[in-house]
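Report on the structure
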Amino acid sequence: MSENKMTVPFFKASIGKEEEDAAVRVLRSGWLTTGNEAHEFEKEFAAKTGAKHALAVNSNTSGMIMAMEACGVKAGKAVITTPYTFVSTAASARHLDADVYFADIEKDNYSIDPESIDKILDSEKGKNVVAIVPVHIAGNVCNMKRIMKIAKKHGVYVIEDCAHSFPSPTDLGFAGTIGDVGVFSFYATKTMTTGEGGMVTTNNDVLAKRMSQMRLHGMNRDAWDRYTSTKASWEYDIIAPGFKSNLPDILAAIGRVQLAKADEFDEKRKVHVEKYNREFSKLDFIKIPPTSKGDSRHLYLMRLNLEILDCDRNVFAKELQERGLGISMHFIPIFHFSYWKELYPDFKAENFPNAEEKYLETISLPLWPDMTEEMTDYVIECVKAVGEKHHV
Ligand SMILES: *Cc1c(COP(=O)(O)O)cnc(C)c1O
């Protein structure tokens, strides 16, 4: 049935011989769980981002829970984040029995609106807030200067969700080192991957210590220290009911290779994004995605100018799929999910007009380092064809 010229997957990770060799090296070494590879990975990630501490974890989600726990997020407390994110950002606070207050995104981009954060913190319920959790959607770094100022004024922590923002160097340092904690993801589709995995960065020694203990059962020494330090001992203390969030060495070894290639991946995405922007700026039914200093271009969030199209986003997306394009939607705002609607009755689209508007006009296009010229040409051709067909 398919008479399409080609199919273009939404994403394909760039995994080469080096990653294979790294994994095999660890398998043959006899040390499979967290050990030397994870420690080296942490050192290299800290060096790259300029963070004082980097802690390898098994996902961004577990890193986020650890970060929130260390900042004192618990029952009776709350965090502020955006409805325009993957649910785990908000769910992490619920795992700690805390509440989530949502601030709308800005009018012209997908970043949390600092003034909306400030308003919540000034209100009565704002007294419960212990942390602001900005999300650098698609690699666009939020207005961190303003957010840090607001956080300081109200005495709350800032935990950056950096699942999309690596590598993201800004005037204030790398995304993830500007706030108190940064939480990265190495999930299969992110800018660098270990299949599943993540990293937590902080310059705060107290938070680093708490997170490193909570990462492995609440133990006061990790397994590596116990088995390899000169003071080797079977003894340990348990200081809290901790988590099991450590990153195994097999994955850390793959991560080290990916980290070394991260800038090269970024350069390749940049070429594709610039081509999309150049071609799409000629089309009146497409709005070019926002960008920022340090934009890591994790996603290409194409927005439709629905006023001059006779179809909605869903029809447009479906027709792109029928032509062989892998597309996605980042993100379904959290207020559309039943759990969250039931939890907070006033958490609805009408109270978050900017998030809802972006949601209704956005489609994520294929974007990954090793796309060929033919592939990006074909993506552009499909977008043109569908848009012209539906142009009023
Ligand atoms: C992918 C993603 C996460 C979760 O990352 P995991 O490593 O899968 O836990 C969190 N936040 C955002 C914005 C994401 O895109």
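Residues numbered from 1 in each chain as written. Predicted model: local features only at pLDDT ≥ 70, side-chain atom pairs only at ≥ 80, totals over all residues. Heavy atoms only, no water.

1. Digging into the overall build of the protein
The line we're drawing: Where helices and strands are cited, they refer to DSSP runs of H or I of at least four residues and of E of at least two residues respectively, numbered from the N terminus. Accessible area is worked out with a 1.4 Å probe on protein chains only. A residue is then buried under 20% of its type maximum, exposed over 50%, and partly exposed in between. Note on definitions: a residue-residue contact is assigned when non-hydrogen atoms from the two residues lie within 4.5 Å. Positive charge is attributed to Lys and Arg, negative charge to Asp and Glu, and no charge count is given to His or to the chain ends. By convention, the charge on Lys lies at NZ, on Arg at CZ, on Asp at CG and on Glu at CD.
Within the protein, the secondary structure is distributed over 13 helices and 12 strands. When the backbone C-alpha atoms are referred to their principal axes, the protein occupies close to 75 × 55 × 40 Å. Across the 392 residues of the protein, 56% fall into the buried class. Of all intrachain contacts in the protein linking residues separated by at least 6 positions in sequence, the fraction that spans at least 24 positions is 72%. For the protein, the distance from the average position of its 48 positive side-chain charges to the average position of its 56 negative side-chain charges is 3 Å.

2. Considerations on the pattern of salt bridges
Heads up, the rule is: Any carboxyl oxygen of Asp or Glu within 4 Å of a side-chain nitrogen of Lys or Arg constitutes a salt bridge here.
Counted by the stated rule, this structure contains 31 salt bridges. Among the ionic pairs, Glu-42 bridges to Arg-215, the shortest N-O distance being 2.8 Å. Highlighted residues: Glu-42 in helix H2 (residues 36–49) and Arg-215 in helix H7 (residues 205–215), separated in sequence by 173 residues. Accessibility expressed as a relative area gives 8% for Arg-215, which makes it buried.

3. Side note on the site of the ligand
Quick reminder of the rule: Near residues are defined by distance, with any heavy atom within 4 Å of the molecule or strand qualifying the residue. Throughout this description, a polar contact denotes any pair of N or O atoms lying within 3.5 Å of each other; where both atoms belong to protein, one of them has to be capable of donating a hydrogen while the other can accept it, and for residues adjacent in sequence the pair is counted only when both atoms sit in side chains. The method behind every accessible area is Shrake-Rupley, applied with a 1.4 Å probe, and residues are considered shielded solely by the protein chains displayed.
Among the 16 residues in the neighbourhood of the ligand, the closest are listed as Thr-61, Asp-161, His-164, Ser-185 and Lys-190. In this structure, Asn-60 approaches the ligand through a main-chain N or O atom, which is 2.9 Å from an oxygen atom. A distance of 2.6 Å separates an oxygen atom of the ligand from a polar atom in the side chain of His-164. The protein chains hide 92% of the 380 Å² of surface that the ligand would expose on its own. Mapped by element, the contributors of at least two residues to the shell around the ligand are helix H3 (60–70) and helix H4 (88–95).

4. Remarks on the sheet that holds strand E1 (residues 53–57)
Strand pairing in a sheet takes place through backbone hydrogen bonds and is either antiparallel or parallel in direction. Condition: At least two bridges found by DSSP between two strands is the condition for calling them paired. Between N-to-C directions, angles span 0 to 180 degrees; the directions come from axes that are lines fitted to C-alpha atoms, helices contributing only their stretch in contact.
The 7 strands are arranged E1-E9-E8-E5-E4-E2-E3 in an open sheet whose pairing can be described as mixed. In this open sheet, the two strands that pair with only one neighbour each are E1 and strand E3 (99–102). Here the strands of the sheet are splayed against their neighbours by 25° on average, with no regard to which way each runs. Where strand E4 (residues 129–132) and strand E5 (residues 157–162) come together, 2 bridges link them in parallel fashion. Opposite Ala-131, over in E5, you have Tyr-157 as the bridge partner. H7 rests against E1, E5, strand E8 (181–185) and strand E9 (198–202) of the sheet, and its axis sits at about 20° to E1.

5. Some points on helix H5 (residues 114–122)
Every buried residue belonging to H5 is among Pro-114, Ser-116, Ile-117, Asp-118, Ile-120 and Leu-121, and all of these are buried. The secondary structure elements touched by the buried residues of H5 are strand E2 (78–81), E3, E4 and helix H6 (144–154).

6. Some points on the domain arrangement of the protein
When the parts come together, some accessible area is lost, and that loss is often what is quoted as the size of the interface. What counts here: Domain start and stop positions are those given by an automatic or database domain assignment. Accessible-area loss on putting two parts together, using a 1.4 Å probe and summing over both, is the definition of buried area adopted here. In this classification, the charged set is Asp, Glu, Lys and Arg, the nonpolar set is Ala, Val, Leu, Ile, Met, Phe, Trp, Tyr, Cys and Pro, and all remaining amino acids, among them Gly, are polar.
When cut into domains, the protein gives domain 1 (17–259) and domain 2 (262–390). Here the C-alpha centroids of domain 1 and domain 2 sit 26 Å apart. At the junction of the two partners, domain 1 supplies 39 residues and domain 2 supplies 38 residues. With both chains or domains summed, domain 1 and domain 2 bury close to 3,200 Å², and 58% of this area falls on carbon and sulfur atoms. At the junction of domain 1 with domain 2, the criterion picks out 3 salt bridges. Notably, a salt bridge pairs Asp-171 with Lys-293, separated by 2.6 Å at the nearest N-O pair. Across the domain 1-domain 2 interface, the total number found is 23 residue pairs in polar contact (both at pLDDT 80 or more). Listing elements by their share of the side of domain 1 that touches domain 2, those giving two or more residues are H4, E3, strand E6 (169–170) and helix H9 (249–280). Looking at the side of domain 1 that touches domain 2 residue by residue, the classes come out as 18 nonpolar, 12 polar and 9 charged.

7. Points about the sheet that holds strand E10 (residues 286–287)
Strand order in the open sheet made by the 3 strands is E10-E11-E12, with antiparallel pairing throughout. At either margin of the open sheet sits one strand with a lone partner, and together these are E10 and strand E12 (362–365). Note that E10 and strand E11 (residues 300–304) share 2 bridges and pair antiparallel. If you follow Lys-287 over to E11, its bridge partner there is Arg-303. Strands in contact with H9 are E10, E11 and E12; relative to E11, the strand with the most contacts, it is inclined by about 10°. Here helix H12 (residues 353–361) sits on the sheet in contact with E10, E11 and E12, set at roughly 55° to E12.

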